[in-house]
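# Structural overview for review
Letter by letter, the chains look like this.
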Amino acid sequence: MSKATSYDQDFLLWTQQQAEYLKKGYWAELDVEHLVEELEALGRSEQKELGSYLQLLLMHLLKCQYQPERRTKSWDNTLSNCRDQIQDCLEDTPSLQRFLQDPLWIQKYYRRACRDAAKETQKSVENFPTECPFIIEQILDPSFLA
């Protein structure tokens, strides 16, 4: 079975074969093109995971700020859980920290959080600031909007 066929036909088997080739030093057998592709995808996956938690956290911060009368323990749990998950992401992959310092990256997830908060609060998206009103230290601070 060729490397490409194995990758295309059975991804799990391909990963196991590639790991075995690496362990044994069978460099010529490695499917380098697909390995590079998969490694890059892993990095993007870590970044997307962080963004997903940030988006959910921002949405709940907006809901707490714009509809405090509807705040529930569930919202508080989501705030806490998202902050914990973000902290876990940063501990596991410290290089992700650079994304939290990038205003354009934060703004991307803030726009999505506004869209989601508008749906959940039944308010117009125009009710929310166009730019993220929170700095990263506030976003990650467990006592912020507590």
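In what follows, the accompanying structure is described. Predicted model only: the values in this text are computed from it and were never measured. (Residues numbered from 1 in each chain as written. Predicted model: local features only at pLDDT ≥ 70, side-chain atom pairs only at ≥ 80, totals over all residues. Heavy atoms only, no water.)

### Some remarks on the packing of helix α3 (residues 32–66) against helix α6 (residues 103–121)
Relative to each other, α3 and α6 sit at 45°, their axes nearing to 8 Å. Regarding the angle of α3 to α6, the classification is oblique. Relative to α6, α3 is oriented so that their crossing is right-handed. Taken together, the residues of α6 that come into contact with α3 (itself represented by Q47, K48, L50, G51, S52, L54, Q55, L58, M59, L62 and K63) are W105, I106, Y109, Y110, R112, A113, C114, R115, D116, A117, E120 and T121. Its residues assigned to classes, the contact of α3 with α6 shows twelve nonpolar, five polar and six charged. (Axes fitted to C-alpha atoms, helices over the stretch in contact; angles between N-to-C directions. Helix = DSSP H or I, 4+ residues; strand = E, 2+ residues; numbered from the N terminus. Parallel < 35°, antiparallel > 145°, perpendicular 65-115°, else oblique. Left-handed = near helix turned anticlockwise from the far one by under 90°. Contact = heavy atoms within 4.5 Å. Nonpolar A, V, L, I, M, F, W, Y, C, P; charged D, E, K, R; others polar.)

### A closer look at the pattern of salt bridges
Per the stated rule, a full pass over the model turns up four salt bridges. Between K63 and E120 there is a salt bridge; the shortest N-O distance is 2.5 Å. In this pair, K63 sits in helix α3 while E120 sits in helix α6, placing the two residues 57 residues apart along the sequence. K63 sits in the buried class, given a relative accessible area of 3%. Of the charged contacts in the structure, one is a salt bridge between R71 and D76, with a shortest N-O distance of 2.6 Å. R71 gets classed as partly exposed once you look at its relative accessible area, which sits at 27%. (Salt bridge = Lys/Arg side-chain N within 4 Å of Asp/Glu carboxyl O. Buried < 20%, exposed > 50% of the residue type's maximum accessible area, 1.4 Å probe, protein only.)

### Let's talk about the packing of aromatic side chains
The tally for this structure, following the rule as stated, stands at eight aromatic pairs. Taking 4.8 Å as the distance between ring centres and 85° as the angle between the ring planes, the aromatic pair formed by Y7 and W14 counts as edge-to-face. Like Y7, the residue W14 is buried in the burial classification. Seen in terms of ring centroids, Y66 and F128 are 4.9 Å apart; in terms of plane orientation they differ by 75°. Their pairing is edge-to-face. Residue Y66 is located in helix α3, and its partner F128 is located in the loop between α6 and α7 (136–140); the two are separated by 62 residues in the primary sequence. An aromatic cluster is built from Y7, F11 and W14, whose rings are joined through pairwise contacts. (Phe/Tyr/Trp six-rings, centres within 6.5 Å; stacked < 30°, edge-to-face > 60°.)

### Remarks on the nonpolar core
Residues L54, L58, L61, L62, L100, F134 and I139 are the most contacted members of the largest nonpolar core, which totals 31 residues. Of all elements in the fold, only α3, α4 (73–92), α5 (97–100), α6 and α7 reach the threshold of two or more residues within this core. The residues contacting L61, other than those within four sequence positions of it, are L79, R83, F134, I139, F144 and L145. (Core = buried A, V, L, I, M, F, W, Y, C linked by side-chain atoms within 4.5 Å.)

### What about the environment of S6?
Within the secondary structure, S6 sits in helix α1 (residues 3–9). It is 9.8 Å that separates the C-alpha atoms of S6 and D31, two residues lying 25 residues apart in sequence. Reaching out from S6, the side chain makes a polar contact with the side chain of Q17 at a distance of 2.8 Å. (Polar contact = N/O pair within 3.5 Å; in protein donor to acceptor, adjacent residues only side chain to side chain.)

On their own, these measurements won't tell you what the molecule is for.
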